[in-house]
Each structure stands twice: as structure tokens, then as C-alpha cells.
Amino acid sequence: MIGLYPGTFDPVTYGHLDIIKRASALCEKLYVGVMDNTSKRRLFNTEERLVLMKKSVESLKNVEVILFNGLQVDCFNKLGATAIVRGLRSESDFNLEFIMTSGNRHMNKSAETIFLMTSPEYVYISSSLIKEIHAFGGCLDGMVPDFVIEALNKKSLEKED
Ligand code: COA
């Protein structure tokens, strides 16, 4: 299986890394697609999100971090991937994933999506939650790698300037 795990990763969390590690064990090669032109309001720019993701997965030899624009199915086609990988945390994730999977298969019948259930210790984590906890000075230990906390600290200092 050649996997594509797409996301905004603003910033990457241990929840994402849980999915990446487990998916990499199932795949010959796993591409992590960092979305460039997301409509979401972002804290980290594309380059920063890419650097943080590359650092997070550097020990996983069959994982390659790439940037993508536009539709995930176009990226999937271009890479010659055989499965899109997504994590599921709750019922609300399912509804969105159902729509996205169906949309992808409408455009490419063979664009199958493989879902991994997020490990229980990470089900409540989202990138927005991380940013909110950080903004109010809360502890992020065990939720994101230390270098992500450092990057968040740096962003706060930049904002103060
Ligand atoms: N553990 C922890 N957090 C997780 C998680 C997990 N396993 N899985 C998802 N999350 C978090 C994300 O950090 C994100 O948090 P946020 O909303 O606070 O930023 C949230 O859950 C939603 O994640 P996700 O659904 O993966 O959204 P995303 O913004 O990271 O990525 C894209 C969405 C980029 C994959 C999707 O919009 C895309 O591919 N767009 C391109 C256009 C396209 O092809 N659309 C589909 C048409 S059919």
C-alpha cells in the first residue's frame, strides 16, 4: 500500500503522529501531505508546518512529507498512491469523512480511504485545542512534541513585537 495522509497540521500533534506511525507500519511508503492553500485561518505558515512535520517523522524511514495544493484526490493520483489514510476520533469526524471519501471516489473510483481509530489518549486533541491551551498558558506536555511547544512560544513572542 502506498498511502497519502493529508492534513493542515497547524500544528502537528501526537494525535496526528499516532496515525502516521501506525499507518507507516501498514504501508510500503506513506506520504504525509501538508495542505498549502487551506481556507482555514492558520497560525503557522506553510513552510513552518512543513518543517515541524518533517522533524516529527524523521525517524520513520518510509514516510515522506510533501506539500500539496488543491484537491487531495489530485495529489493521490499524481503520487500513484493506493490509499488515502485518515484518522477517526469520534462520530463527528465520521460525518465529514463520509462526505470527503464519497467526493474523492466520485472523482476517482479507485481512491479508497483507510481509516484508523485514533488511540484513546489522543481522541480529544485537535490543533485548535493546542493553540487555545497555549494561548492561555496551559501545559501541553504529552500532547505535542517539545519542538512544537517551542515553535508556539516563538509565535507568541513574534506577535508581541
Ligand atoms: N488526532 C488529533 N487531532 C486530529 C486527528 C487525530 N488523529 N485527526 C484530525 N485531527 C484534528 C486536526 O488537527 C484538525 O484540527 P483543527 O480543526 O483544530 O485544525 C481537525 O482535527 C480536523 O482535521 P482534518 O479533518 O484532518 O482537517 P485538516 O484541516 O487537518 O485537513 C484536509 C483537511 C486538508 C485533509 C482537507 O480539507 C483536504 O484535503 N482539502 C483539500 C480539498 C479536498 O480535496 N477536499 C475534499 C473534496 S472531496
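Residues numbered from 1 in each chain as written. Predicted model: local features only at pLDDT ≥ 70, side-chain atom pairs only at ≥ 80, totals over all residues. Heavy atoms only, no water.

Chemist: I'm lost on the overall build of the chain in this one. Help?
Modeler: Across its full length, the chain carries six helices and five strands. Overall, the chain shows an N-to-C arrangement of helices and strands of β-α-β-α-β-α-β-α-β-α-α. Its C-alpha atoms give the chain principal-axis dimensions of roughly 50 × 30 × 30 Å. For the chain, the residues scored as buried account for 47% of the 161 residues in total. Considering only contacts within the chain whose residues lie at least 6 apart along the sequence, 74% involve residues at least 24 apart. Here the chain has roughly 9000 Å² of accessible surface; of this, 55% comes from carbon and sulfur atoms. Averaging the locations of the 19 positively and 21 negatively charged side chains of the chain gives two centres separated by 4 Å. (Helix = DSSP H or I, 4+ residues; strand = E, 2+ residues; numbered from the N terminus. Buried < 20%, exposed > 50% of the residue type's maximum accessible area, 1.4 Å probe, protein only. Contact = heavy atoms within 4.5 Å. Areas by Shrake-Rupley, 256 points an atom, 1.4 Å probe, with all protein chains shown as cover. Lys, Arg positive; Asp, Glu negative; His and termini not counted. Charge placed at Lys NZ, Arg CZ, Asp CG, Glu CD.)

Chemist: Is there a simple way to explain the nonpolar core in this structure?
Modeler: Nonpolar side chains in soluble globular proteins tend to end up buried together. Ranked by internal contacts, the top residues of the largest apolar core, which has 32 residues, are Tyr5, Ile20, Leu30, Val32, Met53 and Val57. At the level of elements, helix H1 (14-26), strand E2 (29-35), helix H2 (46-56), strand E3 (63-68) and helix H6 (146-160) are the ones that each hand at least two residues to this core. When residues of this core are assigned to their parent elements, the largest contribution, five residues, is made by H6. Look past the residues within four positions of Tyr5 in its chain and what remains in contact with it is His16, Ile19, Ile20, Leu30, Tyr31, Val32, Gly33, Val85, Arg86 and Gly87. In terms of nonpolar packing, the next biggest core, distinct from the first, is built from 11 residues, Phe68, Cys75, Phe76 and Ala111 among them. (Core = buried A, V, L, I, M, F, W, Y, C linked by side-chain atoms within 4.5 Å.)

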